[in-house]
Amino acid sequence: MTAAAQPGHKWNFGAGPAMIPRPVLERAQSEFLNYQSTGLSIMELSHRSQPYEDLNNKAQAQLRQLLKVPENYKIIFMQGGGHTQFAAVVYNLIAWRHHQNGAKGDWKEIPVDYVVTGSWSAKAAEEAKRLGANLRIICDAKKSLGAFTGIPAESTWATSDPQGAVRQADAASNQKPAYLYYCDNETVNGVEFPYVPSLHDPSVPLVCDMSSNILSRPVDVSKFGVIYAGAQKNIGPAGVSVVIIREDLLQTSELKDGLPPVALMLDYKTMVKNNSLYNTPPMFAIYISSLVFDWLLNADAQRVQDGDAAIYSHSSFVGVEAAQARNERKAAKLYKALEESRFYRIVVQDKAARSKMNIPFRISAAPKGSGAVADKKKDEEMEAAFVAQAEAKGLLQLAGHRSVGGIRASIYNAMTEEGVDVLIAYLKEFENQY
Ligand code: PMP
């Protein structure tokens with residue numbers, strides 16, 4: 001039976017916490033009371049027990065396999081969500097750069113470079129500033145484009161040109177930035193990088209927030225210093241974040257070195273040294289994440305999720321490569337439906353930067369290209385009606401982020417093609433009412 005045909009089935013288009021694959025939920029349910037014949041649920045085991053240690057190692061190995069994480073990178077599980085990582089990267093990498101500088105000079109002068117392409121990278125930049133770092137926004141999409149509707153060409157970023165003023169000044173002062181930060185997929189604004197930045201000084205580590213698109217496509221981890229992601233979109237439940245860090249960057253920020261002391265819970269080196277078992281980890285969240293990794297690595301489980309889609313019939317077609325193929329198909333059909341309609345407006349103008357995970361759009365009664373002035377109040381009423389009628393039909397959480405309004409469909413790995421088809425049918429049905 002297809003999911004849509006199941007009585008009471010709901011489609012979750014929320015940006016996070018997001019859908020968890022059905023086979024994962026079923027497996028968790030079946031193991032809930034007795035995890036691997038321990039007689040206890042996973043939540044009741046000691047985090048120092050062998051079964052949990054095995055799970056901790058297994059989850060890391062699965063992620064390493066899925067993302068082909070090179071040996072010189074460490075994988076850690078941390079708590080505190082994406083927001084905690086906004087702070088952790090500041091402390092950890094400024095400490096690293098300070099030590100690269102021979103532990104001399106004032107850490108407050110070490111630049112930290114941010115590319116701001118949406119509200120999450122903006123918030124991460126604000127946090128760096130709040131913590132006293134020498135923040136440099138080397139690209140601000142809102143300033144260049146008027147709104148977060150695309151990604152300004154990398155060649156225009158302030159640090160891209162080796163002969164440009166910023167790189168020259170850095171060379172003159174012998175002061176390299178601690179890192180270059182960007183957000184691969186801006187969940188609120190629907191802007192996703194179609195490439196990995198490459199024009200910056202290669203000795204400056206790239207730090208990337210992949211909270212909302214990790215595991216949606218292959219990624220060349222070797223190009224990054226740090227990748228992090230909160231789990232609650234493409235990995236599992238809220239409560240755990242994944243951090244992948246190149247091991248030579250591990251450096252604790254300590255007062256004795258003239259640095260702001262970092263709380264040990266934010267210190268990557270402490271987490272690595274203790275194999276993510278420095279304190280009691282969020283075991284249930286890591287367990288579900290491991291089941292999601294299993295699901296991604298298992299062709300049969302993915303076929304259950306996808307129905308009989310022929311392209312998934314090859315048993316070696318698994319992992320992030322399979323997820324990517326499915327995600328591209330889902331996003332392409334949804335964007336096409338929006339483009340072909342009379343009154344849905346895709347927010348992100350720059351086609352190459354349109355997210356395959358989060359698709360924000362607006363409704364306007366003014367015919368496209370007619371030059372007619374939109375009636376904002378009426379349009380917003382239609383958007384509210386769109387969301388309310390969708391809820392009544394079991395299509396949930398389609399309202400845009402509260403900071404921007406409008407509508408947003410989040411179609412992460414766990415969203416099936418069938419779910420996207422149901423949404424497209426609803427788009428047409430709603431439009432026909434007007
Ligand atoms: N980064 C991105 C890209 C996000 O989408 C979010 C949350 N939606 C965050 C960071 C913040 O994550 P958290 O709520 O886990 O702190």
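- In the annotation of an unreviewed UniProt entry, the entry for the chain reads phosphoserine transaminase, and the organism field reads Linnemannia gamsii.
- Under the UniProt heading Pathway (unreviewed entry), the entry covering the chain gives this text: "Amino-acid biosynthesis; L-serine biosynthesis; L-serine from 3-phospho-D-glycerate: step 2/3."
- UniProt, in its Catalytic activity (unreviewed entry) section for the chain, records the words "O-phospho-L-serine + 2-oxoglutarate = 3-phosphooxypyruvate + L-glutamate".

**Comments concerning the site of the ligand**
- The environment of the ligand is formed by 13 residues, the closest being His83, Thr187, Asp209, Gln232 and Lys233.
- Take Gly82: an N or O atom from its main chain is 2.9 Å from an oxygen atom of the ligand.
- Side-chain polar atom of Lys233 to a nitrogen atom of the ligand: 2.8 Å apart, as the coordinates give it.
- A per-element tally of the shell around the ligand places helix H3 (residues 81–100) first, with four residues.

**Remarks on the sheet that holds strand E14 (residues 407–410)**
- Strand order in the open sheet formed by three strands is E11-E12-E14, with antiparallel pairing between adjacent strands. The sheet terminates laterally at strand E11 (344–346) and E14, the two strands that pair on one side only. With direction set aside, neighbouring strand axes in the sheet form an average angle of 35°.
- Pairing analysis gives four bridges linking strand E12 (residues 358–363) to E14, with the strands arranged antiparallel. When the bridges of E14 are listed, Ile359 appears paired with Ala409.

**What to know about the side chain of Asp170**
- Summarising the element assignment, Asp170 is placed in helix H6 (residues 165–173).
- When neighbours within four sequence positions are excluded, Asp170 is seen to be in contact with Pro111, Arg136, Gln175 and Pro177.

**Details of the side chain of Asn234**
- With respect to the helices, strands and loops of the structure, Asn234 is situated in the loop between strand E9 (226–230) and strand E10 (241–246).
- A relative accessible area of 4% means that Asn234 is categorised as buried.
- A polar contact of 3.0 Å, which involves the side chain of Asn234, links it to the backbone oxygen of Ile214.
- Side-chain polar atoms of Asn234 contact the backbone nitrogen of Asn413, separated by 2.9 Å.
- Beyond its immediate sequence surroundings of up to four residues, Asn234 is in contact with Ser212, Asn213, Ile214, Leu215, Ser216, Val292, Met357, Tyr412 and Asn413.

**Quick word on unusual backbone geometry**
- That bond from Gly16 to Pro17 is cis: its omega, 0°, falls within 30 degrees of zero.
- Structurally, the position occupied by Pro17 is in the loop between strand E1 (11–12) and helix H1 (22–31).
- Phi at Leu215 takes a positive value of approximately 70°, unusual for a residue other than glycine.
- Relative to the helices and strands, Leu215 is located in the loop between strand E8 (206–209) and E9.
- For Ser276, which is not a glycine, the phi torsion comes out positive at approximately 60°.
- Tracing the sequence through the fold places Ser276 in the loop between helix H7 (268–273) and helix H8 (283–297).
- Residue Ser276 is classed as buried on the basis of its relative accessible area, which comes to 3%.

**Some words on the packing of H1 against H8**
- At their nearest, the axes of H1 and H8 sit 9 Å apart, and the two run at 130° to each other. In terms of orientation, H1 and H8 fall into the oblique class. Crossing of H1 against H8: the hand is right-handed. Contacts between H1 and H8 involve Pro23, Val24, Arg27, Ala28 and Glu31 on the former and, on the latter, Tyr287, Ile288, Leu291, Val292, Asp294 and Trp295.

**Observations concerning the pattern of salt bridges**
- A full pass over the atoms with the stated rule returns 26 salt bridges.
- For Lys58, the salt bridge is made with Asp294, and the minimal N-O distance between the two is 3.8 Å. Of this pair, Lys58 sits in helix H2 (residues 50–66) while Asp294 sits in helix H8, placing them 236 residues apart in sequence.
- Note on Lys58: relative accessible area 36%, which makes it partly exposed.
- One salt bridge connects Lys351 with Glu339, and the closest N-O pair in it is separated by 3.7 Å. Residue Lys351 is found in the loop between E11 and E12, and its partner Glu339 is found in helix H10 (residues 319–340); the two are separated by twelve residues along the sequence.
- Classification of Lys351 by relative accessible area gives exposed; the value is 58%.

**Here we look at the packing of aromatic side chains**
- Taken as a whole and assessed by the stated rule, the structure comprises 21 aromatic pairs.
- For the ring pair Phe386 and Phe430, a centre distance of 5.2 Å and an interplane angle of 80° mean the geometry is edge-to-face. Linking Phe386 in helix H11 (residues 376–392) with Phe430 in helix H12 (residues 417–431), this pair joins segments that are 44 residues apart in sequence.
- With relative accessibility at 0%, the residue Phe386 sits in the buried group.
- Of the aromatic side chains, those joined through ring pairs into one cluster are Phe343, Tyr344, Phe361, Phe386, Tyr426, Phe430 and Tyr434.

Definitions and limits used
- Residues numbered from 1 in each chain as written.
- Predicted model: local features only at pLDDT ≥ 70, side-chain atom pairs only at ≥ 80, totals over all residues.
- Heavy atoms only, no water.
- UniProt positions renumbered as here; feature names shortened; annotations may be inferred.
- Near = heavy atom within 4 Å.
- Polar contact = N/O pair within 3.5 Å; in protein donor to acceptor, adjacent residues only side chain to side chain.
- Helix = DSSP H or I, 4+ residues; strand = E, 2+ residues; numbered from the N terminus.
- Pairing = 2+ DSSP bridges.
- Axes fitted to C-alpha atoms, helices over the stretch in contact; angles between N-to-C directions.
- Contact = heavy atoms within 4.5 Å.
- Buried < 20%, exposed > 50% of the residue type's maximum accessible area, 1.4 Å probe, protein only.
- Parallel < 35°, antiparallel > 145°, perpendicular 65-115°, else oblique.
- Left-handed = near helix turned anticlockwise from the far one by under 90°.
- Salt bridge = Lys/Arg side-chain N within 4 Å of Asp/Glu carboxyl O.
- Phe/Tyr/Trp six-rings, centres within 6.5 Å; stacked < 30°, edge-to-face > 60°.

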